[in-house]
Amino acid sequence: GGYLGYIGYFCLAAGASLGTGVTIEGFGTWRQFFVLDPTLLSKLGLSLAFAAGLFVVSYKLKHVAALPSVLVAMPILFFVVLLISGVSLDTARANKWIPEPEEHPHAGWETFQLYNGFQNIAWHVLPGQIVHVIILFFFVAFGSVLDVAAIQTEQPTPLDADAEMRMIGISNVASGLTSGFTGSYIFSTTIFAQRQKVTSKMAGVVLCLGEAVLFLLPIDILQFFPGFFIGGIMAFFGIDIMLDWLVHSREKVSLREYLLVWFTFLAIMFTDLITGCALGVVASACIFLLGYSSTPAFQIRRGIASSCAWSYEDTRALLPLRRNIACVEFHGYLFFGAALQISQKIQKHMIKFGATEVVLDFEKVVTLDSTSAKAIGALVMSLQMLRVKIVFSAVGPKHKQMYRLLMKNGALPMEEEEEKDESRLIVDCLDEALCLCEGRLLQNASRAKSSPCADSIAGQIGQYLRSFVAPLPYQPDDSRFAPADVLELLQGIALRMESRLVDADTPIFAEGDPCNEVFLVLAGSANLEGSAKSRKGKQGTTKIVRKYCPGSLIGVLPFQVNAVHTSNCRAGPSGCTVAVLSRTTLLEMEVECPSQASLVHRVFLRHISHLMQIAFTPEVMLFSPAGHVDREVSDISDVEPAQA
């Protein structure tokens, strides 16, 4: 912005110089106009008045022919006034109102004669210019990027920045090979044409052909235009650009960025273009570091659930226990600016909310430095003194920098201590960490996670189903389990269900299979799969979106609403044993024993209701700089409500 503001000032100063014949550079050179010279002041006033007129016409009159008409009419009007007033062209030229024509004008192509067949080139100077050429290359590239950005602000459709830069590069090569200067866009002309609704490429073609004719003909075109006319046009461009970037930009940027624009502009004005731009880049980097170091590099969440489907009894027990799990999600770049936040804020929140299980998730971390690693190590030590168990997730491979820094600074256990240190565990992903924390909470609460003791498979099924029909909290019966008269019905249901042993990684059901069965996990585990998306939003490999433990039901929701499954479900690494209730069996129940069928629907309803309770249990955001980040799941019809 500051660079573009300087370009606007450059156009304004060039306009004043062309209109008056006075050389204008820095702010101090404007003192030349503070003299009692009526001719000089009238030239300056007329140039600025013409620029103001062009400004008003450009913004007030939207017709495409308005501005070109003014540009054509002004020189004609000037010469008409000279004719009426009786002032000759020689007198006007003597008073510098019109440029003096060259005695022997040359065509542009005659510059090639300077080479004299490459004999007049001082080749010995070329090696000393290599460094300057490299510097000029980067400077022109930097300026071209800014020009493209300036044009994009006025462009209603996105620009292909790479194509624009290639065009500029090819143009500069062609210019250099034909003795021309390096350059970039005349973005003032481009924006000027856009604001006049000139979108046809014919405008560029006409401009190119016109300049080619001027290059070939030995004519000095400026001798036909008064100085204030050329100066007014340049001043108009300058005023418009300066207003855009030094005044109107305040509405589009923050106060900090607006001050940076003015700092860069003034730095260029009081030094030079390259030094001022360099100071602007340094100031921008300092502001970025200041802002980024004060931006929270983590968020803390409490009450989030894993994708693990526990038994009904364990699920009930976890509802109040999940508040003891706090998840610290680091993100972005963790460097010295984030170290103070880590050491102060996280521990304060852990103590305040009494968390006993803390997950430190690094999945969204781009990189971290030693100061942040040391701060995390100090945090881990403080949490261990409070007897808080810690799980690290997504810290990366052991040979990578993040793992190495965390281990060397005391956050992760050393290799020889990793198997013995149960207070600091390392897992691959956040969901695995949450599942581990939930398992430890259940163990501490003396919840039995293993399969219930039973003399037969039917007895095991009955005991698992028993918890689904236990009295609700508002019911007067204080027993956790179903009344005795229901046990016979549950035993009958269990005898109707088919026991099925599924080998490791073998599908329980596949995408496209009919939804005609409900599964109760008796032993082992099962995983529901979904599609994982890459960072670009494209479909990637599959991922596990739901893990089923003994006592959990699989496929209840799709059994009720879907014709076919939309996901795959496979047995876990050690296989699993499931009890299967088919739709045919349920229909037979409804005919032969309606009480059993009613009890099955009661189990389904309790299962879905309880998972909906988990889904709508509010997640507490203890510290959130960037808002809640939703986890991605597969199709809602194949995922239990807690995941959906």
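The following refers to the structure shown.

Reading the values: rules and limits
Residues numbered from 1 in each chain as written. Predicted model: local features only at pLDDT ≥ 70, side-chain atom pairs only at ≥ 80, totals over all residues. Heavy atoms only, no water. Axes fitted to C-alpha atoms, helices over the stretch in contact; angles between N-to-C directions. Helix = DSSP H or I, 4+ residues; strand = E, 2+ residues; numbered from the N terminus. Parallel < 35°, antiparallel > 145°, perpendicular 65-115°, else oblique. Left-handed = near helix turned anticlockwise from the far one by under 90°. Contact = heavy atoms within 4.5 Å. Nonpolar A, V, L, I, M, F, W, Y, C, P; charged D, E, K, R; others polar. Buried < 20%, exposed > 50% of the residue type's maximum accessible area, 1.4 Å probe, protein only. Core = buried A, V, L, I, M, F, W, Y, C linked by side-chain atoms within 4.5 Å. Salt bridge = Lys/Arg side-chain N within 4 Å of Asp/Glu carboxyl O.

Details of the packing of helix α1 (residues 2-20) against helix α2 (residues 38-60)
At a minimum axis distance of 8 Å, the contact between α1 and α2 shows a crossing angle of 130 degrees. Here α1 lies oblique to α2, going by the angle between them. Where α1 crosses over α2, the handedness of that crossing is right-handed. Together, L12, A16, G19 and T20 of α1 and L40, K43, L44, S47 and L48 of α2 make up the contact between the two elements. Classifying every residue of the contact of α1 with α2 gives 5 nonpolar, 3 polar and 1 charged.

Re unusual backbone geometry
Residues other than glycine seldom take positive phi values, yet R387 does so here, at roughly 60 degrees. By secondary structure assignment, the location of R387 is in the loop between α14 (370-385) and β5 (389-393). Owing to a relative accessible area of 77%, R387 belongs among the exposed residues under this scheme.

Re the nonpolar core
Ranked by internal contacts, the top residues of the largest apolar core, which has 39 residues, are Y3, Y6, Y9, I24, F33, M242 and F265. Contributing elements (two or more residues each) for this core: α1, α2, α3 (66-85), α9 (227-247) and α10 (255-270). When residues no more than four places from it in sequence are discounted, the contact partners of Y6 are F265, I268, M269 and L273.

Overview of the packing of α3 against α9
Viewed as axis vectors pointing N to C, α3 and α9 meet at an angle of 155 degrees, and their least axial separation amounts to 10 Å. Taken together, the axis directions place α3 and α9 in an arrangement best described as roughly antiparallel. As α3 runs across α9, the sense of the crossing is right-handed. Contacts between α3 and α9 involve L71, M74, P75 and F78 from the first element and F228, F229 and I233 from the second.

So, the pattern of salt bridges
All told, the structure shown has 9 salt bridges when counted by the stated rule. Taking the shortest distance from any N to any O, the salt bridge between R496 and E592 comes out at 3.0 Å. Of the two residues, R496 is situated in helix α18 (residues 484-496) and E592 in helix α20 (residues 583-592); the sequence distance between them amounts to 96 residues. For E592, a relative accessible area of 55% translates into the label exposed. Two residues, R570 and E529, come together in a salt bridge whose shortest N-O distance is 3.0 Å. One end of the pair, R570, is in strand β12 (residues 569-582); the other, E529, is in strand β9 (residues 517-533), with 41 residues separating them in the sequence. Residue E529 is classed as buried on the basis of its relative accessible area, which comes to 17%. What you see here is one network of salt bridges that share partners, running through E498, R500 and E517.

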